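Inside the fold
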Amino acid sequence: MNNLEELITDINRFEAIIANWDESQRCVAVGLQRSIESLHKAALTNLIKSLKQENISALRHAVDDEIVYAVLLYHDLVKPPLSQRIQTALAEIRPSLQSHQGDVELVAIKLPDTVQVKLIGSCSNCATSTLTLTQGVEQAIKKHCPEITKVVAVNNNSTTTITTANSQDFHWIKAATLDQIIENRILAVRVNNHDVILYKQGVHITCYQNSCSHLGFPLDKGKVEKGIITCLAHEFQYDLKTGNCLTVPDISLQSYEVKVKHDNVYIKVINSR
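Structure report, in brief. All of these numbers come straight from a predicted model, not from anything done at the bench. (Residues numbered from 1 in each chain as written. Predicted model: local features only at pLDDT ≥ 70, side-chain atom pairs only at ≥ 80, totals over all residues. Heavy atoms only, no water.)

With that settled, consider the nonpolar core. Soluble globular proteins: nonpolar side chains tend toward being buried together. Membership of the largest hydrophobic core comes to 16 residues, with the highest contact counts inside it found for Leu90, Val104, Val117, Val137, Ile141 and Ile148. Residue assignment for this core shows that the elements contributing at least two residues are α5 (82-98), β2 (114-121) and α7 (129-144). It is α5 that contributes the most residues to this core, 6 residues altogether. In this structure, Ile173, Ala175, Ile181 and Tyr256 belong to the second largest nonpolar core, which totals 15 residues. (Core = buried A, V, L, I, M, F, W, Y, C linked by side-chain atoms within 4.5 Å. Buried < 20%, exposed > 50% of the residue type's maximum accessible area, 1.4 Å probe, protein only. Helix = DSSP H or I, 4+ residues; strand = E, 2+ residues; numbered from the N terminus.)

Right, let's talk about the sheet that holds strand β10 (residues 228-230) for a bit. What the 3 strands build is an open sheet, ordered β9-β10-β11; its pairing is antiparallel. Of all the strands in the sheet, just β9 (223-225) and β11 (237-239) have a single pairing partner and so form its edges. Strand after strand, the sheet turns through a mean of 20° between neighbouring axes, direction not considered. Across 3 bridges, the pairing between β10 and β11 is antiparallel. Looking at the pairing, isoleucine 228 lines up with aspartate 239 of β11. (Pairing = 2+ DSSP bridges. Axes fitted to C-alpha atoms, helices over the stretch in contact; angles between N-to-C directions.)

Turning next to the state of the cysteines. This model, assessed by the stated rule, comprises 0 disulfides. Cysteine 231 takes part in no disulfide bond, and the closest cysteine sulfur to it belongs to cysteine 212, at a distance of 4.1 Å. Residue classification places cysteine 231 among the buried residues on the basis of a relative accessible area of 3%. (Disulfide = S-S within 2.5 Å.)

For the rest of this paragraph, the subject is the environment of cysteine 207. With respect to the helices and strands, the residue cysteine 207 is situated in strand β8 (residues 204-209). In this structure cysteine 207 comes out as buried when scored by relative accessible area, which is 1%. The spatial distance from the C-alpha of cysteine 207 to the C-alpha of isoleucine 197 is 5.6 Å, given a sequence separation of 10 residues.

So, on to a nonpolar patch on the surface. A surface patch of nonpolar side chains, about 290 Å² in accessible area, is lined by Phe14, Ile17 and Trp21. Residue tryptophan 21 is classed as partly exposed on the basis of its relative accessible area, which comes to 36%. (Patch = residues over 30% accessible without salt bridge, like charges linked within 9 Å, V, L, I, M, F, W, Y side chains within 5 Å. Areas by Shrake-Rupley, 256 points an atom, 1.4 Å probe, with all protein chains shown as cover. Salt bridge = Lys/Arg side-chain N within 4 Å of Asp/Glu carboxyl O.)

The grouping of Glu5, Glu6, Asp64, Asp65 and Glu66 at the surface amounts to a negative patch. Counting through the fold element by element, glutamate 6 comes out in helix α1 (residues 4-19). (Lys, Arg positive; Asp, Glu negative; His and termini not counted. Charge placed at Lys NZ, Arg CZ, Asp CG, Glu CD.)

The subject of this paragraph is the pattern of salt bridges. Where charged atoms of side chains with opposite charge meet at close range, the side chains can pair. This model, assessed by the stated rule, comprises 7 salt bridges. Close ionic contact of lysine 143 with glutamate 92 constitutes a salt bridge, the shortest N to O distance being 2.8 Å. Of this pair, lysine 143 sits in helix α7 while glutamate 92 sits in helix α5, and the two are 51 residues apart along the sequence. A salt bridge links aspartate 220 to lysine 221; its shortest N-O distance comes to 4.0 Å.

Bringing the side chain of aspartate 103 into the picture now. Along the chain, the position of aspartate 103 falls in strand β1 (residues 102-110). For aspartate 103, a relative accessible area of 17% corresponds to the buried category. Only 2.7 Å separates the side chain of aspartate 103 from the side chain of arginine 94, close enough to count as a polar contact. (Polar contact = N/O pair within 3.5 Å; in protein donor to acceptor, adjacent residues only side chain to side chain.)

Below, the structure is given as structure tokens:
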């Protein structure tokens, strides 16, 4: 039976051949490839659903096979290994740190929920290194690895721990009703001593702290255009779908998880300690 490397080599060889065809021929080949892949993904999705209901242990055993895992990973039906996702997150934030003569490296993964990192270069001694961890490294890791709830910065003789909420550290609070949130406009509300803004685009609702990440000016008076809000104070811009800052890379708004139930909009609020 062919191993994974042999199968990938065959695929790469055929892709190299197709790359030399003219555009119309390549389009036919690519169209056929996409159709076959869509068929395979649909079949695998149905197979996984069936195995989850009837024999979850058999599914886990199957995924241990490198070829099965590689195909499921290709179709986004399983997550990459935790270590790979953490390295992807660090690679995403690294250019921003390096632009300030800093860097970050993975120290250790402490299962089930903790990652240790080391801020190096100027970031290790910077007075704003905690902010760097919170708004940069920690957010990047959380985005790619939601199962991680603690990011610990190990720097020489000290450590800084950023702990995200677990199921006992938060509660849901009603922030508004659906009809109060006007399409493509900001709704500013105060919820349990949290000043937040709500934004709706289609069926998607986002919630952020009503505070510019630059100097903390309120955002609710800012200009909203094509899903982008501009702070009136210094014209910092943010994508309201993701919260990402478009003016300064790798800085984002503090976000709140949102859920809708019976036309009411709730946000997840961290309990005070």
